[in-house]
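What follows is the residue order along each chain.
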Amino acid sequence: MNVLFINIKELIQVRENSVDFLAGKEMNILPTIKNAFLLVENGLIADFGLMENCPKTNVKTIDAKDRMILPSWCDSHTHLVYAGNREDEFVDRINGLSYAEIANNGGGILNSAKKLQQTSQEDLYNQSKVRLEEIIQLGTGAVEMKSGYGLTKDAELKMLRVIRKLKENYPVEIKATFLGAHAVPAEYKNNKSGYLQMLIEDILPTIQKENLADFIDIFCETGYFSVDDTNRILKAGKKHGLVGKIHVNQFTTIGGIEAGVKNSVLSVDHLEEMRTEDIEVLKNTKTMPVALPSCSYFLSIPFTPARKMIDAGLPLALATDYNPGSTPSGNMNFVVATACIKMKMTPEEAINAATINGAYAMNSLDKVGSITKGKIANLILTKKINSYNFIPYSFGNHQIDSVFLKGTEIKKS
Ligand code: NIG
Ligand code: FE
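Residues numbered from 1 in each chain as written. Chains lettered and ligands numbered in written order. Predicted model: local features only at pLDDT ≥ 70, side-chain atom pairs only at ≥ 80, totals over all residues. Heavy atoms only, no water.

**So, the site of ligand 1**
- Taken together, 15 residues are adjacent to ligand 1, and Y99, Y149, H182, Q250 and S326 come closest.
- One nitrogen or oxygen atom from the side chain of H270 is found 2.9 Å from an oxygen atom belonging to ligand 1.
- In isolation ligand 1 exposes 320 Å². Once the protein is present, 100% of that is buried.
- Put simply, ligand 1 lies in the largest cavity.
- Taken together, the residues that form the shell around ligand 1 break down as four nonpolar, nine polar and two charged. (Near = heavy atom within 4 Å. Polar contact = N/O pair within 3.5 Å; in protein donor to acceptor, adjacent residues only side chain to side chain. Areas by Shrake-Rupley, 256 points an atom, 1.4 Å probe, with all protein chains shown as cover. 1 Å grid on protein atoms, 1.4 Å probe; cavity = no way out; pocket = protein on both sides within 12 Å on 5 of 7 lines; lining within 4 Å. Sits in = over half its atoms within 2 Å of the grid points. Nonpolar A, V, L, I, M, F, W, Y, C, P; charged D, E, K, R; others polar.)

**Focus: the layout of surface pockets**
- One number sums up the size of the largest pocket: a volume of about 500 Å³.
- If you trace the largest pocket, you find 20 residues lining it, with A103, N104, L110, G223 and Y224 closest to the centre.
- By residue number, the principal contributor to the lining of the largest pocket is helix α2 (residues 99-104), which donates four residues.
- Residues belonging to the lining of the largest pocket are distributed by class as follows: eleven nonpolar, seven polar and two charged.
- The calculated volume of the second largest pocket comes to roughly 180 Å³.
- Along the walls of the second largest pocket sit G106, L110, N111, A113, K114, Q117, L151, T152, P185, A186 and E187, which together make up its complete lining. (Points joined across faces, edges and corners; volume = space filled by probe spheres on them. Helix = DSSP H or I, 4+ residues; strand = E, 2+ residues; numbered from the N terminus.)

**A look at empty space enclosed by the protein**
- With the rule as written, the count across this model stands at three cavities of 30 Å³ or more.
- Computed from the structure, the largest cavity encloses a volume of approximately 110 Å³.
- Around the largest cavity, the lining is made up of 14 residues, and of these H79, Y99, H182, N323 and S326 lie nearest the centre.
- Its residues assigned to classes, the lining of the largest cavity comprises four nonpolar, eight polar and two charged.
- Each pocket or cavity is described by its volume, and for the second largest cavity that value is around 50 Å³.
- Along the walls of the second largest cavity sit I45, P71, S72, G141, K367, V368, G369, S370, I376, N378 and L379, which together make up its complete lining.
- Here the lining of the second largest cavity is built from residues that sort into five nonpolar, five polar and one charged.

**A word on the packing of helix α6 (residues 192-210) against helix α7 (residues 227-239)**
- Running from amino to carboxyl end, α6 crosses α7 at an angle of 15°, the nearest separation of the two axes being 10 Å. Between α6 and α7, the interaxial angle falls into the category roughly parallel. The crossing of α6 and α7 is right-handed. Note on element contacts: α7 touches α6 through D229, R232, I233, A236, G237 and K239, opposite K192, S193, L196, Q197, L199, I200, L204 and Q208.
- Split into classes, the residues belonging to the contact of α6 with α7 amount to six nonpolar, four polar and four charged. (Axes fitted to C-alpha atoms, helices over the stretch in contact; angles between N-to-C directions. Parallel < 35°, antiparallel > 145°, perpendicular 65-115°, else oblique. Left-handed = near helix turned anticlockwise from the far one by under 90°. Contact = heavy atoms within 4.5 Å.)

**Description of the environment of A337**
- Looking at where A337 falls in the secondary structure, it is placed in helix α12 (residues 332-343).
- On the basis of relative accessible area, A337 is assigned to the buried category, the value being 1%.
- Setting aside chain neighbours within four positions, we find A337 in contact with P392 and F395. (Buried < 20%, exposed > 50% of the residue type's maximum accessible area, 1.4 Å probe, protein only.)

**What about the coordination of the iron ion (ligand 2)?**
- The protein atoms that coordinate the iron ion (ligand 2) are H77 (NE2), H79 (NE2), H247 (NE2) and D321 (OD), at distances of 2.0 to 2.2 Å.
- Each donor residue of the iron ion (ligand 2) lies on the same chain, and together they follow the pattern H-x1-H-x167-H-x73-D. With H79 in the loop between β6 (73-75) and α1 (87-94) and H247 in strand β10 (residues 243-248), this residue pair connects regions lying 168 residues apart in the sequence. Accessibility classification places H79 together with H247 in one group, the buried group. (Donors = N, O, S within 2.8 Å, 3.2 Å for Na, K, Ca; no water.)

**Regarding helix α13 (residues 347-354)**
- Counted residue by residue, α13 has eight buried out of eight residues, so it is predominantly covered.
- Three or more residues of α13 are buried, namely P347, E348, E349, A350, I351, N352, A353 and A354.

**Structural notes on the nonpolar core**
- One finds L132, F178 and M345 to be the most contacted residues of the largest nonpolar core, which totals 117 residues.
- Residues in contact with L132, not counting those within four places in the same chain, are L80, V143, M145, L166, Y170, V172 and I174.
- Counting residues in hydrophobic clusters, the runner-up holds 19 residues, among them I33, A36, A64 and A377. (Core = buried A, V, L, I, M, F, W, Y, C linked by side-chain atoms within 4.5 Å.)

**Thoughts on the pattern of salt bridges**
- The tally for this structure, following the rule as stated, stands at 17 salt bridges.
- Of the charged contacts in the structure, one is a salt bridge between K146 and E144, with a shortest N-O distance of 2.8 Å.
- K146 sits in the buried class, given a relative accessible area of 0%.
- Of the charged contacts, one joins K146 and D217 as a salt bridge, the two residues approaching to 2.8 Å between their closest N and O atoms. With a gap of 71 residues between them, K146 in strand β7 (residues 140-146) and D217 in strand β9 (residues 215-220) connect regions that are remote in the sequence. The residues K146 and D217 share a single accessibility class, namely buried.
- Put simply, E144, K146 and D217 are held in one network by salt bridges that share partners. (Salt bridge = Lys/Arg side-chain N within 4 Å of Asp/Glu carboxyl O.)

If you want it as structure tokens, here you go:
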């Protein structure tokens, strides 16, 4: 698709050359061009600059007067393929039960797994595509999706095949993660090692053969999987060509971050509980810390200490964690606003964390995350706003006028 945007009030997240991730003080710098043009050719960003240098072409032109353009959100952590919802558990929590108590009573991840095992691949696809279409309207142009609500060979592969079909049918950038080690299923209650062995020896070879995943993930947490389990899964994943990511430090600190760094994982996600040594171990590494503020909000658990981490020089990405238990929301606009309001990130830091750093955390920096020539034209055209600060300021709302994927406007639902 070819299109020329003219009179853009402010073109946000402009990078002449593709940068690596942003860390520490760099996160507070958000390069923009005021009164800009943006040319899209064949779905890719072809050119941009000041209006006075706007090329004369006869391609379709959109006058963006008083409106801004930024790259689509990159949501590097979701579980949006799932069956059914868990609003009963939500009410149980309101009435005083904790997330752990609900899980121990057969709720939680095992509840979702039971539902998913009984759901056909077609039904699962249909339920998931509704969520994908919803987040596209909310400005997400790149999204990672995890398995982990199957917990059997058939059901885990079913999830990954649904992700593959979504990837084939939608123009968003999608990455898939194998999260078989999300919880120990009831059949393996007293044989966690046997369960891990099944994941490694039975499922991983099929995933590799059919090229069903990019990443491998594990829930490294008290009551779920230990640091030893984490090492075992990450090493096995690597052998089968999968890059590591981990759920870690959500409720307790058991040394998972160090294990992740030693295994060169691409990202460590959650981090609601952070000790000084956890921050230290992440310094000068290629591992991206990922905060999930909607999860903290929904479960009323601490927010990731973004200020402490960024002030220590670390990078940070923001993602939704969209899932039926801890975060039934895939709204990146809310994530960005909450990061500013509750984690004291500046709008510049939050936008960088939700675009460039998010793209890094899903290995998609070559395609998305900034306004850079050659990248895919996945774009947000804002409503009429005075400054980009209005994006997080107007929390609970969004400032999206329209969304473009590969340069094509997505019809409003
Ligand atoms: O990332 N923490 C582990 N997994 C999910 C939630 C799982 C669930 O409750 O269904 C998360 O928050
Ligand atoms: Fe998660």
